[in-house]
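Residues per chain are reported as follows:
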Amino acid sequence: MDTGEQLTPGPARVVFDGSGEFLQTVRARVRDALAGDAAAGDPRLLRKAALVMVWFLGSFVLLLCTKSGWLQLMLCVSYGLAASAVGFNIFHDANHGAMSSSLRVNLAWAMLASTVLGPSRYLWNYKHNVLHHRNTNIHTWDDDLETRGFLRLSPWQHWKWRYRGQQWFVFPLYAINAVEMVFVKDFVQYFLLRINPHQRIPAMSGAEKTEFWIAKALYLAIFVAIPLAVLPLERVALGFLVYECTLGLSLGLVFSMAHQVESVDFPSPQGIPPTIGEGWGAHQMRTTANFANLNRGWNWFSGGLNHQIEHHLFPSMSHTHYAAIGRVVRGTAREFGLPYNYFETYRAALHSHYRLLRRLGTRPSSAGPAIIPPIC
């Protein structure tokens, strides 16, 4: 934990001091482009969610039934990738209210995905929907930049010797990210009511606390206890390791491509209250990047997270619409003089992520933050 950077409680939120004209314009144009189609609850997404759940549960059941050790390991990889697909396509969309126009249907999908994957729905919602989406790439406000001192993901974060070489040791950290969230971080945040040293969590209601414990109990009973009852302990241990590493790497190596790359900005709010000198929509364009938008495989597997710009501007829209509205968003951004950060391939985005981590892990030449100039 980077105790040297802990803050005392301050203003409740960052202020975006801009006209908001870009956001109003692009949202109006996208509504016209959809030609009356509902933004949330696209039937294609519901069919896809059903297929993803069949893949996930099928991998789990086959894993319990097969006798071959090698086949079990292959199924653990399939199980981990399927869990990632549940996270990208169901858990993420449902918690944004994008699975359906019905609040109850979204809640049901979100609770189902939370139970089968293990993380707390309430805590993830606050981390992602409130802190990350509202304050993208703002140090001490966006929890996606907080790693308890293991990594330096922002040029405004104090540099320390331990960050040298982080472009390499980030991969084992990604690998354990999912299991650490389910079995450690959720419980620490639940009892301390802090997302990180900088941000508190609103008190949970009785119903939210009950949901937390029931979801955890069901996850442990179904996805941990049943394998232990059916399979030898050593196979469960090895299989669980393969599953969690596959899941953690998949999540980390998709979500990080959207904001921890060279072409995006890391703005620093000024004054009291902390203020960004432009509208929220313009801020999203400067801090977010897309990758591989024409790749059908990535579009399907990542749940539209390779269309991260469109997602941040339209978080409650079913991700199955993102490919269709990309041209509208890009054209409107160009009209307003805003960047549209885009990598043609996943490989290009990954290389940029690696180079950013390497640069942030290198000791700055001056006392100030090592500002990363955007790549045109």
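As the structure is a prediction and not an experimental result, all values here were calculated from the model.

Cut-offs used in this document
Residues numbered from 1 in each chain as written. Predicted model: local features only at pLDDT ≥ 70, side-chain atom pairs only at ≥ 80, totals over all residues. Heavy atoms only, no water. Salt bridge = Lys/Arg side-chain N within 4 Å of Asp/Glu carboxyl O. Helix = DSSP H or I, 4+ residues; strand = E, 2+ residues; numbered from the N terminus. Phe/Tyr/Trp six-rings, centres within 6.5 Å; stacked < 30°, edge-to-face > 60°. Buried < 20%, exposed > 50% of the residue type's maximum accessible area, 1.4 Å probe, protein only. pLDDT = per-residue confidence, 0-100. Contact = heavy atoms within 4.5 Å. Core = buried A, V, L, I, M, F, W, Y, C linked by side-chain atoms within 4.5 Å. Polar contact = N/O pair within 3.5 Å; in protein donor to acceptor, adjacent residues only side chain to side chain. Axes fitted to C-alpha atoms, helices over the stretch in contact; angles between N-to-C directions. Parallel < 35°, antiparallel > 145°, perpendicular 65-115°, else oblique. Left-handed = near helix turned anticlockwise from the far one by under 90°. Nonpolar A, V, L, I, M, F, W, Y, C, P; charged D, E, K, R; others polar. Expected span 1.5 Å × (residues − 1). Bend = angle between axes of the 7 residues up to and from the residue.

Novice: Before we move on, can you summarise the pattern of salt bridges with the specific residues and values?
Specialist: Scanning the entire structure with this criterion turns up 10 salt bridges. Of the charged contacts, one joins Glu 335 and Arg 29 as a salt bridge, the two residues approaching to 2.9 Å between their closest N and O atoms. Of this pair, Glu 335 sits in helix H13 (residues 322–335) while Arg 29 sits in helix H1 (residues 21–34); the two residues are 306 residues apart in sequence, bridging distant segments of the chain. With a shortest N-O distance of 2.6 Å, Asp 42 and Arg 44 are connected by a salt bridge.

Novice: Can you break down the packing of aromatic side chains residue by residue, with the values?
Specialist: Applying the stated criterion across every chain, the model contains 27 aromatic pairs. Aromatic side chains Phe 60 and Tyr 79 sit 5.6 Å apart centroid to centroid with 40° between the ring planes, which places their arrangement in the tilted category. Residue Phe 60 is located in helix H2 (residues 43–65), and its partner Tyr 79 is located in helix H3 (residues 69–95); the two are separated by 19 residues in the primary sequence. Taken as a pair, Phe 60 and Tyr 79 share a single burial class, namely buried. Here the aromatic cluster, defined as three or more aromatic residues joined through ring pairs, consists of Phe 56, Phe 60, Tyr 79, Phe 183, Tyr 219, Phe 223, Phe 240 and Tyr 243.

Novice: How would you summarise the confidence of the model for the protein chain if you had to cite specific residues and measurements?
Specialist: This prediction gives the protein chain a mean pLDDT of 92; 94% of its residues lie at or above 70. The low-confidence segment residues 1–10 (pLDDT under 50) makes 21 contacts with residues lying over four places distant or belonging to another chain. Contacts of residues 370–376 to residues separated by more than four positions or lying in other chains number 17 contacts, the stretch itself having pLDDT below 50.

Novice: Any chance you could break down the nonpolar core for me, citing the residues and the numbers?
Specialist: Residues Phe 56, Tyr 79, Val 86, Ile 90, Trp 109 and Phe 223 are the most contacted members of the largest nonpolar core, which totals 38 residues. Those elements that place two or more of their residues in this core are H2, H3, helix H4 (103–117), helix H7 (177–192), helix H8 (206–230) and helix H9 (233–255). The greatest single-element share of this core, amounting to 11 residues, is contributed by H3. Every residue in contact with Val 86, bar those within four places of it in the chain, is listed here: Val 52, Met 53, Phe 56, Phe 91, Ala 113, Val 116 and Leu 117. Formed by 19 residues, the second largest nonpolar core is a distinct cluster that contains Phe 291, Phe 343, Ala 349 and Leu 360.

Novice: Describe in detail unusual backbone geometry, supporting the description with residues and values.
Specialist: Here the bond from Ile 272 into Pro 273 is cis, since omega is -5°, no more than 30 degrees from zero. With a phi close to 75°, Thr 140 is a non-glycine residue in the positive phi region. Mapping Thr 140 onto the fold places it in the loop between helix H5 (121–134) and helix H6 (166–175). Residue Arg 148 is not a glycine yet carries a positive backbone phi of 55°. As for its position among the elements, Arg 148 is in the loop between H5 and H6. Judged by relative accessible area, Arg 148 falls into the partly exposed class, the value being 32%.

Novice: Residues and numbers for the side chain of Arg 152, please.
Specialist: Counting through the fold element by element, Arg 152 comes out in the loop between H5 and H6. The exposure class assigned to Arg 152 is buried, which follows from its relative accessible area of 1%. Among the polar contacts made by the side chain of Arg 152, one reaches the main-chain carbonyl oxygen of Gln 157 at a distance of 2.7 Å.

Novice: If you had to explain the environment of Leu 251 to someone new, which residues and values would you point to?
Specialist: Here Leu 251 shows up in helix H9. Considering only alpha carbons, one finds Leu 251 and Ala 83, 168 residues apart in sequence, at a separation of 9.6 Å. Aside from chain neighbours lying at most four places away, what touches Leu 251 is Ser 84, Phe 88 and Ala 178.

Novice: Help me get a handle on the packing of H2 against H4, residues and values and all.
Specialist: Look at H2 against H4: their axes get within 13 Å of each other, and the N-to-C directions meet at 20°. On the basis of their axis angle, the class for H2 and H4 is roughly parallel. Both H2 and H4 take part in a crossing whose hand is left-handed. Contacts between H2 and H4 involve Leu 46, Ala 49, Met 53 and Phe 56 on the former and, on the latter, Trp 109, Leu 112 and Val 116. Among the residues making up the contact of H2 with H4, the classes are represented as 7 nonpolar, no polar and no charged.

Novice: How would you sum up H7? Please name residues and give values.
Specialist: Spanning 16 residues, H7 covers only 20 Å between terminal C-alpha atoms, well under the ideal 22 Å at 1.5 Å per step. In the structure, H7 departs most strongly from a straight axis at Lys 185, where the bend amounts to approximately 40°. Every buried residue of H7 is listed here: Ala 178, Glu 180, Met 181, Val 182, Lys 185, Asp 186, Gln 189 and Tyr 190.

Novice: Please set out the side chain of Glu 180 residue by residue, giving values where relevant.
Specialist: Structurally, Glu 180 can be placed in helix H7. Other than its neighbours up to four places away in sequence, Glu 180 contacts Arg 148 and Lys 185.

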